[in-house]
Protein chains: 2
Amino acid sequence: MAVENDAEDRKSIERELKRGALELIVLHLLAPGEAYGYEIVAKLTAETNGTLAITDGTLYPVLYRLERAGFVSVRWETPQRGVPRKYYQLTDTGRAELVRLKREWTSFAAAMSKLLSAKGVRDDDDR
Amino acid sequence: MAVENDAEDRKSIERELKRGALELIVLHLLAPGEAYGYEIVAKLTAETNGTLAITDGTLYPVLYRLERAGFVSVRWETPQRGVPRKYYQLTDTGRAELVRLKREWTSFAAAMSKLLSAKGVRDDDDR
DNA sequence: GTCATATACCTTGTGACGCAAGACATATGG
DNA sequence: CCATATGTCTTGCGTCACAAGGTATATGAC
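Notes on the structure follow. (Residues numbered from 1 in each chain as written. Chains lettered and ligands numbered in written order. Predicted model: local features only at pLDDT ≥ 70, side-chain atom pairs only at ≥ 80, totals over all residues.)

**Describing the protein's contact with DNA strand D**
Heads up, the rule is: Note on definitions: a residue is near a molecule or strand provided its C-beta atom, placed from the backbone, lies within 6 Å of it. For the purposes of this entry, the term helix denotes a DSSP run of H or I that reaches at least four residues, the term strand denotes a run of E that reaches at least two, and both are numbered from the N terminus. Put simply, Ala, Val, Leu, Ile, Met, Phe, Trp, Tyr, Cys and Pro go in the nonpolar bin, Asp, Glu, Lys and Arg in the charged bin, and everything else, Gly too, in the polar bin.
Residues in contact with DNA strand D amount to 26 residues; listed here are only the nearest, Tyr36(A), Gly37(A), Tyr38(A), Gly57(A) and Gly57(B). If you list the elements that add at least two residues to the surface near DNA strand D, you get helix H3 (37-47), helix H4 (56-68) and strand S3 (85-90) of chain A together with helix H2 (14-19) and helix H5 (56-68) of chain B. Looking at the surface near DNA strand D, its residues break down into 10 nonpolar, 7 polar and 9 charged.

Written as structure tokens, this is what we have:
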């Protein structure tokens, strides 16, 4: 079953890029109101057309960290029919953290943008 | 010894954000022409006003990865006076990789920007 | 001479964390 | 009873930024 995909061989940096952004992403997705795990995964996939998709195995540890940090509060809901769901909601400090992280992201992205578009790319080949 | 710094306790996400961007940053800094390690560190600090600064302990492993991957070529220079320097220069594949990484970064940053600025943040409190 | 400082390179250890892979539980419909 | 969908959780792997330390060469001060 040699389904080796050449395109996939060139490792993507997306995983690494997400590292600093995931908590921000999740907090942001919780800003409009509470949501449960699977819903967050679906929301992210939908809102970015799959560009920033994550799996549940990635999300749950993030949610756990956010809960431990006091950024989200948790509520179980067991409906008459269906599987129990764990709803997450931003706390006040969570909302403040969201603002802080958004600011950090913006600052970083701006620095990257400025660096990459710098006119300092002269072609003085000293050879 | 309660010299706990509250400000520092809020961990910065900058370290994590750099993760996916560092190779891109270094390749980009090498685009104008060859440079040696300490020079790259100084260049990055200068061009971003310290926003994206790294230490040499971070850089050298990156350069080693880039060399192993064939993205940069290496040349030692031992001047009459002064410490020997190791000059790095982009290869052709390195230049291609730079283009690829820049594209990946742009795509990621665009997705983040779109997500964070989405008008989808309705305040429909379904209570 | 030697001692401090600056330049320049390199290595080790630590902590963090995305994600694949799997497990588990509850429903629904053949 | 068995497959599929929904929903949550856990383990292990591999990757990597960074601090902290080390080495070697030059220069200026005393």
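**Concerning the protein's contact with DNA strand C**
Around DNA strand C there are 25 residues in total, and Gly57(A), Tyr36(B), Gly37(B), Tyr38(B) and Gly57(B) lie nearest to it. By residue class, the composition of the surface near DNA strand C is 10 nonpolar, 7 polar and 8 charged.

**A short note on the interface of chain A and chain B**
A common way to report how large an interface is uses the accessible area buried once the components associate. Rules: Each residue is represented by a C-beta atom placed from its backbone, and any two residues with such atoms within 7 Å are regarded as in contact.
If you look at the interface, chain A gives 35 residues, while chain B gives 34 residues. At the level of elements, helix H2 (14-30) and helix H5 (92-116) of chain A are the ones that each hand at least two residues to the side of chain A that touches chain B. A total of 11 residues in the side of chain A that touches chain B trace back to one element, the largest contributor, which is H5(A). When the residues that make up the side of chain A that touches chain B are grouped by side-chain class, the tally is 17 nonpolar, 8 polar and 10 charged.

Fair warning: the whole summary comes from geometry, so function is off the table for now.
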